[in-house]
Every structure is written in structure tokens, then in C-alpha cells.
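Breakdown of the fold
Below are the chains, spelled out letter by letter.
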Amino acid sequence: MPSEFESPESFFGPVASIESMDGTAIAYRQFGSGPPVVMVHCSGGGLHSWEPVAELLADRYEVWTPVRRGYAPSGPGRSPKSFADEVADLAALISKIGRPVHVVGMSYGANVALHAAVAGLPVRSLVLWEPPLFAVGDELAPVLEEFQELTAKGEQRRADRLLAEKVARIPAALLDMMDAGDSDDTEPGTEPGTERDTERDAEPDEAPGWCRDLESLIADSADVERWSDVTVPTLLMRGADTWQPMPETLDRLATALPQVTYTTLPGQMHFAPSLVPDVVAAQIADFLPHT
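Report on the accompanying structure.

Criteria and cut-off values
- Residue numbering note: each chain is counted from 1, following its sequence as written.
- Residues qualify for local features only when their pLDDT is at least 70, as the model is predicted, and side-chain atom pairs are given and counted only at 80 or more; totals for whole chains, interfaces and linings, by contrast, use all residues.
- Excluding hydrogens and water, the side-chain figures rest on all heavy atoms present in the structure.
- Stacked, tilted and edge-to-face pairs are distinguished by plane angle, under 30 degrees for stacked and over 60 for edge-to-face with tilted covering the rest, among Phe, Tyr and Trp rings (Trp via its six-membered ring) whose centres lie within 6.5 Å.
- Each helix is a run of H or I in the DSSP string that is no shorter than four residues. Each strand is a run of E no shorter than two, and both are numbered from the N terminus.
- Partly exposed residues are those whose accessible area sits between 20% and 50% of the maximum for their type, while under 20% is buried and over 50% is exposed, using a 1.4 Å probe and protein chains only.
- For two strands to pair, DSSP has to find at least two bridges joining them.
- For this analysis, a nonpolar core means a set of buried residues of the types Ala, Val, Leu, Ile, Met, Phe, Trp, Tyr and Cys, connected via side-chain atoms within 4.5 Å.
- Any pair of residues with heavy atoms lying within 4.5 Å of one another is described as a contacting pair.
- Between N-to-C directions, angles span 0 to 180 degrees; the directions come from axes that are lines fitted to C-alpha atoms, helices contributing only their stretch in contact.
- Geometric relationships in this document are graded by angle, where less than 35 degrees denotes roughly parallel, more than 145 denotes roughly antiparallel, 65 to 115 denotes roughly perpendicular, and other angles denote oblique.
- Handedness of a crossing follows from how the near helix is turned relative to the far one, being left-handed for an anticlockwise turn of less than a right angle and right-handed for a clockwise one.
- For this classification, Asp, Glu, Lys and Arg are treated as charged, while Ala, Val, Leu, Ile, Met, Phe, Trp, Tyr, Cys and Pro are nonpolar and the rest, including Gly, are polar.

**Some points on the packing of aromatic side chains**
Following the criterion strictly, the structure yields four aromatic pairs and no others. Judged by centre distance (5.1 Å) and plane angle (25°), the rings of F83 and Y108 are stacked. With F83 in helix α2 (residues 83-97) and Y108 in helix α3 (residues 108-118), the pair connects residues that are 25 residues apart, well separated along the chain. There is no split in this pair, since F83 and Y108 are both buried. Arranged with centres 6.0 Å apart and planes meeting at 45°, the rings of W243 and F271 form a pair that is tilted. Remark: F271 occurs in the loop between β9 (260-265) and α9 (272-275) and W243 occurs in the loop between β8 (234-239) and α8 (246-256); sequence separation between them is 28 residues. No difference in accessibility class separates W243 from F271, as the two residues are buried.

This is the structure in C-alpha cells:
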């Protein structure tokens with residue numbers, strides 16, 4: 001049975017939860033009216049990740065924003081995690097919704113969306129913001145080990161920098177420039193390199209979720225051609241100024257996807273959903289049907 005966490009009511013409604021296939025509690029918010037749209041957050045994210053975009057879509061869509069396992073207030077789930085676990089969680093939410101959905105994924109969340117479509121979940125369409133399909137495989141195993149060591153010692157800034165360099169592959173010069181700014185306003189590890197408002201300092205510890213995400217990425221494949229099995233209409237978006245290897249990876253993905261609309265936002269990088277939510281929301285609304 002769905003349960004409700006203690007949470008202040010807001011525009012986005014109360015936080016409720018469902019039980020996934022293995023018993024893990026998956027928290028979510030639901031608001032708006034119209035065709036159902038499930039918005040899957042990035043690594044280091046949570047209920048807040050899609051809020052700036054989601055509030056601009058709620059006048060025409062029924063928006064569902066789940067919190068992926070590993071991130072509070074959802075349950076931790078088992079370790080090691082896999083993308084199959086993420087798909088099972090999404091399947092449980094879609095079962096709760098009771099009809100096919102559009103799935104919108106940000107970064108790691110876009111990887112989840114691709115896996116869900118290939119697994120045959122009742123998905124009407126996909127919207128993908130910069131899935132980091134290059135950041136997978138055994139090469140991330142030492143990153144996970146070092147990240148766990150750093151967070152255990154309380155060295156969060158070094159842990160964030162590690163993720164930004166080794167997972168998001170943010171160029172060192174850009175990271176140095178970000179570090180030279182107000183360190184209280186920017187933390188490279190929210191999704192590595194994304195800006196995090198200082199109001200988020202009270203958010204739950206993201207390290208457990210990051211560890212589970214890294215486990216899924218380590219077990220995944222860099223084979224982009226497999227996504228040719230995604231047959232639903234797909235909007236693939238990226239920022240024109242996002243660093244390599246993201247652009248070349250997304251170019252390959254666009255070639256593999258059978259029904260793709262590939263859009264590049266001028267002057268933007270990986271952080272666009274947070275920095276220009278109105279632009280991102282407009283792209284999503286133009287692509288998704290309203291019925």
C-alpha cells in the first residue's frame with residue numbers, strides 16, 4: 001500500500017511512496033494534470049532535481065517525480081545495484097500510474113529511461129538530457145573504491161572533484177574555474193559539475209546513492225548500438241558547449257535511435273535543466289503530445 005512521508009505541502013504536493021518488486025520503498029511526488037510524464041533524476045539528485053522544469057509542465061501534464069533507490073527518502077535497496085533494479089522501480093511506479101507514460105531522464109536518469117524502453121515497459125516516448133553512456137564499465141571500479149574512502153573520511157570536496165573528473169569527465173580547466181568561484185554555491189558532485197543552490201545543503205546525504213549508481217554503471221556496457229532497439233519516439237537533447245566525450249557519444253546515439261529528434265541548445269552545457277529550465281521545458285512541451 002502507498003504510504004506518505006512527513007513532508008511540507010507545496011506546489012509539488014506531498015511525498016508518497018510505493019513498494020518496488022524487491023520491497024524497496026520508492027518515494028515520489030505527483031502533481032499537475034494531463035498525460036502522465038515520469039521525470040527521472042540524475043546522480044546526486046532527488047526530489048528537487050527536476051522541480052524548475054516540472055513546475056513549467058504541470059499545466060498540461062500529470063508529472064511524477066520519483067526518487068531513485070539509494071537517495072532519501074527512498075530506501076537504499078540492495079548492493080550491488082543494477083539498471084535492472086532501476087527498471088523494476090520504474091515499472092512499479094508505472095503500475096501505480098495505471099497507463100503508459102512519457103519518460104524524461106536527466107543524465108544518469110536518461111540512461112535509466114533507455115533501459116526502461118528496451119525492457120519493454122509501457123513507455124510512449126522518451127526525452128533524454130545528455131545520458132553519459134561513456135561513463136560505464138570496469139574502469140569505474142577504482143573510482144567507486146576511492147569515492148567510498150574519501151566520503152568515509154569526510155573529504156567531500158575531494159570526493160566531488162573525483163566524480164567530476166572521472167565520471168562526468170569535466171575538463172580540469174573548467175573545474176578549476178568553478179572552484180575559483182564561490183565554493184559554497186557550486187558543488188561538482190550533485191550530478192558532477194551541476195550547480196547546487198546553497199538551500200540544498202540540508203538535503204540528505206547523497207553518497208550512498210552515488211555508490212549505488214556507480215555500481216550500476218560499472219556493470220553496464222558502452223555499446224551504443226544496442227539502443228537501436230528503442231522504437232518509441234525520442235527527443236535527445238544536449239548543450240552546444242558540453243565537453244567531450246558527451247557530444248560524440250550523443251551523435252552516435254542519435255544515429256542508433258530509429259525515431260529520434262536531436263536538439264542542441266546554443267550556449268548551454270550539462271547544467272541547462274537547472275540554469276535555463278524554461279528553455280528545457282519548452283523543448284519538452286513542443287515534443288510531447290498533449291493528449
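**Comments concerning the pairing of strand β3 (residues 25-32)**
Bridge count between strand β2 (residues 16-19) and β3: four bridges; the pairing is antiparallel. Bridging from a neighbouring strand, S17 pairs with A27 of β3. With antiparallel pairing between neighbouring strands as the criterion, β2 and β3 make up a hairpin whose turn holds five residues, including G23 at a positive phi of roughly 95°. With five bridges connecting them, β3 and strand β5 (residues 62-66) associate as antiparallel partners. Bridge pairing in β5 links R29 to T65.

**Overview of the nonpolar core**
One finds L114, L126, F147 and L253 to be the most contacted residues of the largest nonpolar core, which totals 62 residues. Aside from chain neighbours lying at most four places away, what touches L114 is L126, L128, L133, W227, V230, L253 and L257. If you look at the next biggest cluster of nonpolar residues, it comprises 26 residues, including V37, L57, A58 and A281.

**Points about the packing of helix α4 (residues 141-152) against helix α5 (residues 156-166)**
Axis separation between α4 and α5 bottoms out at 8 Å; the angle between their running directions is 165°. Regarding the angle of α4 to α5, the classification is roughly antiparallel. For the pair α4 and α5, the sense of crossing is left-handed. Contact residues: α4 offers V143, E146, F147, L150 and T151, while α5 offers Q156, R158, A159, L162, L163 and K166. Across the contact of α4 with α5, the residue classes tally to six nonpolar, two polar and three charged.

**Description of the environment of G105**
Its location among the elements puts G105 in strand β6 (residues 101-106). Taking the C-alpha atoms as reference, G105 lies 5.8 Å from M39; in sequence the two are 66 residues apart. If sequence neighbours within four positions are ignored, G105 has contacts with V40, W50, A110, V127, L128 and W129.

Nothing here speaks to function; it is geometry throughout.
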